[in-house]
Amino acid sequence: MTAPIRVLVADDQSLLRGSFRVLIDTAPGLTTVGEAGTGAEAVESTRRLRPDVVLMDIRMPGMDGIEATRHIARSPGTAQTRILILTTFDLDEYVYGALRAGAAGFLLKDTSPEVLLAGIRTVAAGESLLAPSVTRRLIAAFARLPHACPAPGSSLENLTDREREVLLLVARGFSNTDIAEYLHLSHGTVKTHIGRLLSKLAARDRAQLVISAYESGLVRSQEPPLATGELDALE
(Lines give C-alpha, C1' and ligand atoms only; values in the text may rest on other atoms or scores of the structure.)
Protein backbone atom coordinates (compact mmCIF):
# COMPACT_ATOMS: atom_id res chain seq x y z
CA MET A 1 0.00 0.00 0.00
CA THR A 2 1.26 3.48 -0.87
CA ALA A 3 1.42 5.82 2.10
CA PRO A 4 -1.18 8.61 1.93
CA ILE A 5 -0.16 12.16 1.11
CA ARG A 6 0.01 14.01 4.42
CA VAL A 7 -1.49 17.52 4.36
CA LEU A 8 -1.36 20.41 6.84
CA VAL A 9 -4.21 22.93 6.47
CA ALA A 10 -3.29 26.56 7.29
CA ASP A 11 -6.12 29.11 7.26
CA ASP A 12 -7.24 31.75 9.76
CA GLN A 13 -10.89 30.69 9.48
CA SER A 14 -11.66 27.61 11.56
CA LEU A 15 -14.77 26.77 9.51
CA LEU A 16 -12.73 26.65 6.31
CA ARG A 17 -10.03 24.59 7.97
CA GLY A 18 -12.63 22.09 9.05
CA SER A 19 -14.21 21.98 5.60
CA PHE A 20 -10.86 21.41 3.90
CA ARG A 21 -10.01 18.74 6.43
CA VAL A 22 -13.22 16.81 5.75
CA LEU A 23 -12.69 17.09 1.99
CA ILE A 24 -9.10 15.87 2.21
CA ASP A 25 -9.74 13.07 4.69
CA THR A 26 -12.51 11.60 2.53
CA ALA A 27 -10.37 11.60 -0.61
CA PRO A 28 -8.44 8.43 -1.53
CA GLY A 29 -4.73 8.61 -0.80
CA LEU A 30 -4.89 11.86 1.20
CA THR A 31 -4.97 12.58 4.92
CA THR A 32 -4.66 15.70 7.07
CA VAL A 33 -2.08 15.69 9.85
CA GLY A 34 -2.95 19.02 11.46
CA GLU A 35 -4.27 22.56 11.23
CA ALA A 36 -2.79 26.03 11.71
CA GLY A 37 -4.58 29.34 12.16
CA THR A 38 -1.59 31.66 11.70
CA GLY A 39 1.57 31.73 9.63
CA ALA A 40 3.71 31.15 12.72
CA GLU A 41 1.62 28.10 13.61
CA ALA A 42 2.01 26.81 10.07
CA VAL A 43 5.81 27.05 10.32
CA GLU A 44 5.91 25.37 13.73
CA SER A 45 3.48 22.64 12.71
CA THR A 46 5.42 21.93 9.53
CA ARG A 47 8.63 21.54 11.53
CA ARG A 48 6.92 19.22 13.99
CA LEU A 49 4.65 17.18 11.71
CA ARG A 50 6.66 17.15 8.47
CA PRO A 51 3.64 17.07 6.10
CA ASP A 52 4.10 16.38 2.40
CA VAL A 53 1.94 19.40 1.46
CA VAL A 54 0.84 22.55 3.25
CA LEU A 55 -2.42 24.05 2.02
CA MET A 56 -1.58 27.68 2.81
CA ASP A 57 -3.81 30.74 3.11
CA ILE A 58 -2.15 34.10 2.43
CA ARG A 59 -3.86 36.58 4.72
CA MET A 60 -3.43 35.39 8.29
CA PRO A 61 -2.78 37.36 11.51
CA GLY A 62 0.82 38.10 12.39
CA MET A 63 3.04 36.25 9.97
CA ASP A 64 1.18 35.93 6.67
CA GLY A 65 1.19 32.93 4.37
CA ILE A 66 3.89 34.29 2.10
CA GLU A 67 6.34 34.81 4.97
CA ALA A 68 5.43 31.39 6.37
CA THR A 69 6.08 29.88 2.95
CA ARG A 70 9.47 31.56 2.84
CA HIS A 71 10.43 30.13 6.25
CA ILE A 72 9.31 26.63 5.32
CA ALA A 73 10.88 26.58 1.85
CA ARG A 74 14.26 27.91 3.02
CA SER A 75 14.69 25.81 6.15
CA PRO A 76 16.74 22.64 5.58
CA GLY A 77 14.42 20.69 7.86
CA THR A 78 11.24 21.56 5.97
CA ALA A 79 12.38 22.40 2.44
CA GLN A 80 10.99 19.12 1.11
CA THR A 81 7.45 20.10 2.10
CA ARG A 82 5.47 21.38 -0.86
CA ILE A 83 3.29 24.45 -0.42
CA LEU A 84 0.04 25.04 -2.29
CA ILE A 85 -1.30 28.56 -1.84
CA LEU A 86 -5.08 28.77 -1.71
CA THR A 87 -6.66 32.21 -1.39
CA THR A 88 -9.66 34.35 -2.26
CA PHE A 89 -7.33 37.22 -3.13
CA ASP A 90 -6.76 37.02 -6.86
CA LEU A 91 -4.12 39.77 -6.80
CA ASP A 92 -0.97 39.68 -8.87
CA GLU A 93 1.42 40.79 -6.14
CA TYR A 94 0.33 37.86 -4.00
CA VAL A 95 0.95 35.39 -6.81
CA TYR A 96 4.44 36.67 -7.48
CA GLY A 97 5.27 36.96 -3.78
CA ALA A 98 4.13 33.39 -3.14
CA LEU A 99 6.17 31.99 -6.03
CA ARG A 100 9.27 33.91 -5.02
CA ALA A 101 8.87 32.65 -1.46
CA GLY A 102 8.98 29.07 -2.72
CA ALA A 103 5.36 28.01 -3.23
CA ALA A 104 4.85 25.11 -5.61
CA GLY A 105 1.35 26.12 -6.63
CA PHE A 106 -1.37 28.74 -6.44
CA LEU A 107 -5.12 28.22 -6.64
CA LEU A 108 -8.12 30.36 -5.80
CA LYS A 109 -10.69 29.41 -3.19
CA ASP A 110 -13.45 29.23 -5.79
CA THR A 111 -11.62 26.24 -7.28
CA SER A 112 -13.76 23.10 -7.43
CA PRO A 113 -13.09 20.35 -4.87
CA GLU A 114 -11.91 18.03 -7.64
CA VAL A 115 -9.34 20.55 -8.89
CA LEU A 116 -8.13 21.26 -5.36
CA LEU A 117 -7.58 17.57 -4.60
CA ALA A 118 -5.85 17.09 -7.93
CA GLY A 119 -3.69 20.13 -7.13
CA ILE A 120 -2.58 18.62 -3.82
CA ARG A 121 -1.59 15.42 -5.60
CA THR A 122 0.20 17.39 -8.32
CA VAL A 123 2.43 19.39 -5.98
CA ALA A 124 3.05 16.34 -3.78
CA ALA A 125 4.39 14.56 -6.87
CA GLY A 126 6.97 17.31 -7.34
CA GLU A 127 5.19 19.26 -10.04
CA SER A 128 4.08 22.90 -9.92
CA LEU A 129 0.58 24.24 -10.31
CA LEU A 130 -0.81 27.62 -11.29
CA ALA A 131 -4.40 28.49 -12.03
CA PRO A 132 -4.33 29.37 -15.76
CA SER A 133 -6.12 32.69 -15.23
CA VAL A 134 -3.56 33.62 -12.59
CA THR A 135 -0.65 32.78 -14.89
CA ARG A 136 -1.88 35.17 -17.56
CA ARG A 137 -2.47 38.03 -15.12
CA LEU A 138 0.91 37.46 -13.49
CA ILE A 139 2.64 37.92 -16.84
CA ALA A 140 0.75 41.14 -17.52
CA ALA A 141 1.38 42.53 -14.03
CA PHE A 142 5.07 41.69 -14.04
CA ALA A 143 5.56 43.42 -17.39
CA ARG A 144 4.16 46.64 -15.88
CA LEU A 145 6.67 46.79 -13.04
CA PRO A 146 9.48 49.29 -13.76
CA HIS A 147 12.15 47.13 -12.12
CA ALA A 148 10.92 43.79 -13.30
CA CYS A 149 12.22 43.41 -16.82
CA PRO A 150 15.97 43.73 -17.15
CA ALA A 151 17.57 42.50 -20.33
CA PRO A 152 18.17 38.75 -20.35
CA GLY A 153 21.28 38.15 -18.28
CA SER A 154 23.90 35.50 -17.83
CA SER A 155 21.40 33.10 -16.27
CA LEU A 156 19.97 32.44 -19.75
CA GLU A 157 23.19 32.60 -21.73
CA ASN A 158 23.79 28.86 -21.56
CA LEU A 159 20.34 27.96 -22.83
CA THR A 160 19.84 26.67 -26.35
CA ASP A 161 17.25 28.28 -28.60
CA ARG A 162 14.94 25.31 -28.03
CA GLU A 163 15.37 25.55 -24.26
CA ARG A 164 14.41 29.23 -24.40
CA GLU A 165 11.29 28.31 -26.36
CA VAL A 166 10.35 25.70 -23.77
CA LEU A 167 11.03 28.08 -20.88
CA LEU A 168 8.84 30.72 -22.48
CA LEU A 169 5.96 28.30 -22.87
CA VAL A 170 6.36 27.09 -19.28
CA ALA A 171 6.06 30.71 -18.14
CA ARG A 172 2.91 31.14 -20.22
CA GLY A 173 1.25 28.29 -18.34
CA PHE A 174 1.64 25.50 -20.90
CA SER A 175 1.73 21.91 -19.60
CA ASN A 176 4.27 19.42 -20.94
CA THR A 177 1.58 18.02 -23.22
CA ASP A 178 0.75 21.52 -24.51
CA ILE A 179 4.44 22.21 -25.16
CA ALA A 180 4.88 18.92 -27.00
CA GLU A 181 1.94 19.69 -29.28
CA TYR A 182 2.94 23.32 -29.83
CA LEU A 183 6.58 22.54 -30.71
CA HIS A 184 5.84 19.17 -32.37
CA LEU A 185 8.06 17.28 -29.93
CA SER A 186 7.61 14.02 -28.07
CA HIS A 187 6.53 14.16 -24.44
CA GLY A 188 9.85 12.57 -23.44
CA THR A 189 11.83 15.24 -25.27
CA VAL A 190 9.91 17.99 -23.48
CA LYS A 191 10.65 16.34 -20.13
CA THR A 192 14.33 16.25 -21.05
CA HIS A 193 14.30 19.97 -21.88
CA ILE A 194 12.53 20.74 -18.59
CA GLY A 195 15.14 18.74 -16.69
CA ARG A 196 17.98 20.62 -18.38
CA LEU A 197 16.31 23.95 -17.62
CA LEU A 198 15.99 23.04 -13.94
CA SER A 199 19.67 22.15 -13.85
CA LYS A 200 21.00 25.12 -15.81
CA LEU A 201 18.88 27.69 -13.95
CA ALA A 202 19.36 26.08 -10.52
CA ALA A 203 15.58 25.93 -10.16
CA ARG A 204 14.02 23.43 -7.81
CA ASP A 205 10.70 23.14 -9.65
CA ARG A 206 8.54 24.47 -12.47
CA ALA A 207 7.41 27.51 -10.47
CA GLN A 208 11.02 28.62 -10.13
CA LEU A 209 11.40 28.32 -13.91
CA VAL A 210 8.46 30.71 -14.26
CA ILE A 211 10.21 33.23 -11.99
CA SER A 212 13.44 32.92 -14.01
CA ALA A 213 11.54 33.66 -17.22
CA TYR A 214 9.96 36.78 -15.71
CA GLU A 215 13.11 38.13 -14.09
CA SER A 216 15.25 37.62 -17.20
CA GLY A 217 12.83 39.63 -19.34
CA LEU A 218 12.18 36.61 -21.58
CA VAL A 219 8.43 36.72 -21.19
CA ARG A 220 8.10 40.37 -22.07
CA SER A 221 10.48 40.25 -25.00
CA GLN A 222 8.83 37.25 -26.70
CA GLU A 223 5.17 36.29 -26.68
CA PRO A 224 4.33 33.73 -29.36
CA PRO A 225 0.75 33.14 -30.43
CA LEU A 226 -1.19 30.82 -28.14
CA ALA A 227 -1.58 27.19 -29.12
CA THR A 228 -4.92 26.08 -30.49
CA GLY A 229 -7.50 26.17 -27.74
CA GLU A 230 -5.11 27.73 -25.23
CA LEU A 231 -6.87 31.09 -25.19
CA ASP A 232 -10.10 29.39 -24.16
CA ALA A 233 -8.26 27.47 -21.46
CA LEU A 234 -6.88 30.68 -20.02
CA GLU A 235 -10.29 32.31 -19.61
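Please read all numbers here as calculations on a predicted model, not as lab measurements.

**Remarks on the overall build of the chain**
Looking only at helices and strands, the chain features 12 helices and 6 strands. For the chain, buried positions account for 48% of its 235 residues. In the chain, 68% of the contacts between residues at least 6 apart in sequence involve partners at least 24 apart. With an accessible surface of roughly 11200 Å², the chain has 53% of that area assigned to carbon and sulfur atoms.

**As for unusual backbone geometry**
You will see that His184, though not glycine, has its phi angle at about 55 degrees, which is positive. Tracing the backbone through its elements, the reader meets His184 in the loop between α8 (176-183) and α9 (187-200).

**A closer look at the UniProt feature "modified residue: 4-aspartylphosphate" (unreviewed entry) in the chain**
Taken from the UniProt record, the annotation "modified residue: 4-aspartylphosphate" (unreviewed entry) applies to Asp57. For Asp57, the location among the structural elements is in the loop between β3 (53-56) and α3 (65-74). With a relative accessible area of 4%, Asp57 lands in the buried category. Each residue touching Asp57, except ones within four places of it in the same chain, is listed here: Ala10, Asp11, Asp12, Gly65, Leu86, Thr87 and Lys109.

**Here's the deal with the environment of Ile58**
Here Ile58 lies in the loop between β3 and α3. Each C-alpha atom of the pair Ile58 and Thr87 lies 6.2 Å from the other, and the pair is 29 residues apart in sequence. Ile58 has contacts with Asp64, Gly65, Ile66, Ile85, Leu86, Thr87, Tyr94 and Phe106, leaving out every residue within four places of it along the chain.

**Some thoughts on the packing of aromatic side chains**
Counted under the stated rule, the structure contains 1 aromatic pair. Plain terms: the ring middles of Phe174 and Tyr182 are 5.7 Å apart, the flat faces sit at 90 degrees to each other, and that makes the pair edge-to-face.

**Some points on the pairing of strand β4 (residues 82-87)**
Counting buried positions along β4 gives 6 out of 6 residues, so the element sits mostly inside the fold. Burial along β4 is two-sided: Arg82, Leu84 and Leu86 facing one way and Ile83, Ile85 and Thr87 facing the other are all buried. Here β3 runs beside β4; their pairing, made up of 4 bridges, is parallel. Residue pairing for β4: Met56 is matched across the bridge by Ile85.

**Here we look at the side chain of Arg17**
Residue placement: Arg17 occurs in helix α1 (residues 14-25). For Arg17, a relative accessible area of 14% translates into the label buried. A distance of 3.1 Å separates the side chain of Arg17 from the side chain of Glu35, its partner in a polar contact. Contacts of Arg17, omitting those with residues within four sequence positions, involve Val9, Asp11, Asp12, Glu35, Ala36 and Gly37.

What counts and what doesn't
- Residues numbered from 1 in each chain as written.
- Predicted model: local features only at pLDDT ≥ 70, side-chain atom pairs only at ≥ 80, totals over all residues.
- Heavy atoms only, no water.
- Helix = DSSP H or I, 4+ residues; strand = E, 2+ residues; numbered from the N terminus.
- Buried < 20%, exposed > 50% of the residue type's maximum accessible area, 1.4 Å probe, protein only.
- Contact = heavy atoms within 4.5 Å.
- Areas by Shrake-Rupley, 256 points an atom, 1.4 Å probe, with all protein chains shown as cover.
- UniProt positions renumbered as here; feature names shortened; annotations may be inferred.
- Phe/Tyr/Trp six-rings, centres within 6.5 Å; stacked < 30°, edge-to-face > 60°.
- Pairing = 2+ DSSP bridges.
- Polar contact = N/O pair within 3.5 Å; in protein donor to acceptor, adjacent residues only side chain to side chain.

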